[in-house]
Structure formats: structure tokens, C-alpha cells
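# Architecture at a glance
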Amino acid sequence: MANRHLSRTVAMQSLYEWDFNERVRPLLAITEFNVKQFAPGLDDPAFIFELINGVEKHLEDIDKIIVKTAPEWPLEQITVIDRNILRLGIYELMFSKEVPPKVVINEAVELGKAFGGGEQRQVHQRSDGNPLQAAAGRREAGRGSPGERNKRR
């Protein structure tokens, strides 16, 4: 498993655990444990921590994007795993911007195939109401996130 894919997997597992347990335990502590458990030989886990810190920091904006772009899928009705795969992908598309959109979307689809339920395929693969495609389009159009737009005003 490539380092970036393994990093995304550990980040997604950490976000899942954090969200599933109603965000009681600190995400950082969960992630540190998961890195030791699932990626002990990883050379540089910094990417994992960048991902989880970024999602946590921008959670409100990320969730607004999901709600806006997939109104037929209320956030609380998307499975915990699928919701966090979307959050991870949207963070990379809208806030990190160091990875090409096609790569981010492909990675999210692969995580969904490995860990997600049937819902995820419907949410990710529909051309209308696809949060990842919408975020990629916003990134390419230079519109940024809802929070970034408000800061410019």
C-alpha cells in the first residue's frame, strides 16, 4: 500500500472513530494510537496529521458543502464511514489543494470501496448532488469554501 493511500486510510479510520464516538476523545489521541496500530512502519506520518487536523479545523465548512451539494442525503443519515470519506476528500479538494482533484476523488472512491456502504457509491458517483465533484469544480473555478468567501468580503 502506497504511503499516501495508507495515510488517508489511517486518517479516515481515525475520523470514523472520533465521529462514531460523538467526538468525545481528542482526535489527535485517536490518530496517534491508530498510527502505531495500523502504520507502524510509515516513514513520515505528517500527512495523516495534516489531514485530520485540517478536517477538524474546517469541519463546519466541509459539512456545509456536503449538505448543500447532496440535499437528498441529510448529513446525519449518511453512514459514519461514508460521511468521513466525504469530509476527507472535501478537505483535500478545498483546503489542502496539493493533490490534483482526480487523484483525491479516486482515493475517496477507493476508500469507499474498501470501507463504505452502498450509500457511498450513490452519493459519490451521481453526477448531480456529488459533494466531491462539486468541491472539485469550486476549486477549479477558484471559488473556495464558504468560509473563504466570507473572509474576502
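### Re the overall build of the protein
Within the protein one finds nine helices and zero strands. Starting at the N terminus and walking to the C terminus, you meet the elements of the protein as α-α-α-α-α-α-α-α-α. Considering only intrachain contacts with a sequence separation of at least 6, the fraction spanning at least 24 residues in the protein is 70%. Total accessible area computed for the protein in this model is approximately 7900 Å², and 51% of it derives from carbon and sulfur atoms.

### Looking at the side chain of S14
Relative to the helices and strands, S14 is located in helix α1 (residues 3-20). We classify S14 as buried; its relative accessible area is 0%. Polar contacts involving the side chain of S14 include one to the main-chain carbonyl oxygen of V10, which spans 2.9 Å. A polar contact of 3.0 Å, which involves the side chain of S14, links it to the side chain of N34. If we ignore the near neighbours within four places in the chain, the residues touching S14 are L27, I30, T31, N34 and I52.

### Re the environment of T69
For T69, the position within the fold is in helix α4 (residues 59-69). Relative accessible area serves as the criterion here: at 15%, T69 is assigned to the buried category. Spatially, the C-alpha atom of T69 lies 6.2 Å from that of N130, the residues being 61 residues apart in sequence. A polar contact is formed between the side chain of T69 and the backbone oxygen of I65, at a distance of 2.6 Å.

### As for empty space enclosed by the protein
Throughout the structure, instances matching the rule amount to one cavity of 30 Å³ or more. Here the largest cavity is characterised by a volume of approximately 30 Å³. Together, R8, I85, L88, G89, E92, V104, E107, A108 and L111 line the largest cavity. The residue inventory of the lining of the largest cavity, partitioned by class, reads five nonpolar, one polar and three charged.

### Observations concerning the pattern of salt bridges
Two side chains bearing opposite charge may form a pair once their charged atoms approach each other closely. Under the definition given, this model contains 10 salt bridges. Put simply, R87 and D19 hold a salt bridge, and the shortest N to O gap is 3.0 Å. Taken together, the residues span a long stretch of sequence, with R87 in helix α5 (residues 80-96) and D19 in helix α1 at a distance of 68 residues. Residue R87 shares its accessibility class with D19, and that shared class is buried. Three or more residues joined by partner-sharing salt bridges are found here, namely D19, R23, D63, R83 and R87.

### A look at the nonpolar core
Counting residues in each nonpolar core, the largest one holds 43 residues, and the members touching the most others are L88, I90 and L93. Elements with a minimum of two residues in this core: α1, α2 (27-38), α3 (46-57), α4, α5, α6 (101-115) and α8 (131-141). Counting residues per element, this core draws most heavily on α5, at nine residues.

### Here we look at the packing of aromatic side chains
Scanning the model with the defined rule gives two aromatic pairs in all. Relative to F95, the ring of Y91 has its centre 6.2 Å away and its plane inclined at 15 degrees; by these criteria the two rings are stacked. Of this pair, Y91 and F95 are both found in helix α5, four residues apart, which corresponds to roughly one turn of the helix. We note that Y91, like F95, is buried. For R4, the ring lying beneath its charged end belongs to F47, and the centroid distance is 3.8 Å. Here R23 stacks its cationic end above the ring of W18, 5.3 Å away from the centre of that ring.

Parameters and conventions
- Residues numbered from 1 in each chain as written.
- Predicted model: local features only at pLDDT ≥ 70, side-chain atom pairs only at ≥ 80, totals over all residues.
- Heavy atoms only, no water.
- Helix = DSSP H or I, 4+ residues; strand = E, 2+ residues; numbered from the N terminus.
- Contact = heavy atoms within 4.5 Å.
- Areas by Shrake-Rupley, 256 points an atom, 1.4 Å probe, with all protein chains shown as cover.
- Buried < 20%, exposed > 50% of the residue type's maximum accessible area, 1.4 Å probe, protein only.
- Polar contact = N/O pair within 3.5 Å; in protein donor to acceptor, adjacent residues only side chain to side chain.
- 1 Å grid on protein atoms, 1.4 Å probe; cavity = no way out; pocket = protein on both sides within 12 Å on 5 of 7 lines; lining within 4 Å.
- Points joined across faces, edges and corners; volume = space filled by probe spheres on them.
- Nonpolar A, V, L, I, M, F, W, Y, C, P; charged D, E, K, R; others polar.
- Salt bridge = Lys/Arg side-chain N within 4 Å of Asp/Glu carboxyl O.
- Core = buried A, V, L, I, M, F, W, Y, C linked by side-chain atoms within 4.5 Å.
- Phe/Tyr/Trp six-rings, centres within 6.5 Å; stacked < 30°, edge-to-face > 60°.
- Lys NZ or Arg CZ within 6 Å of the ring centre and 35° of its normal.

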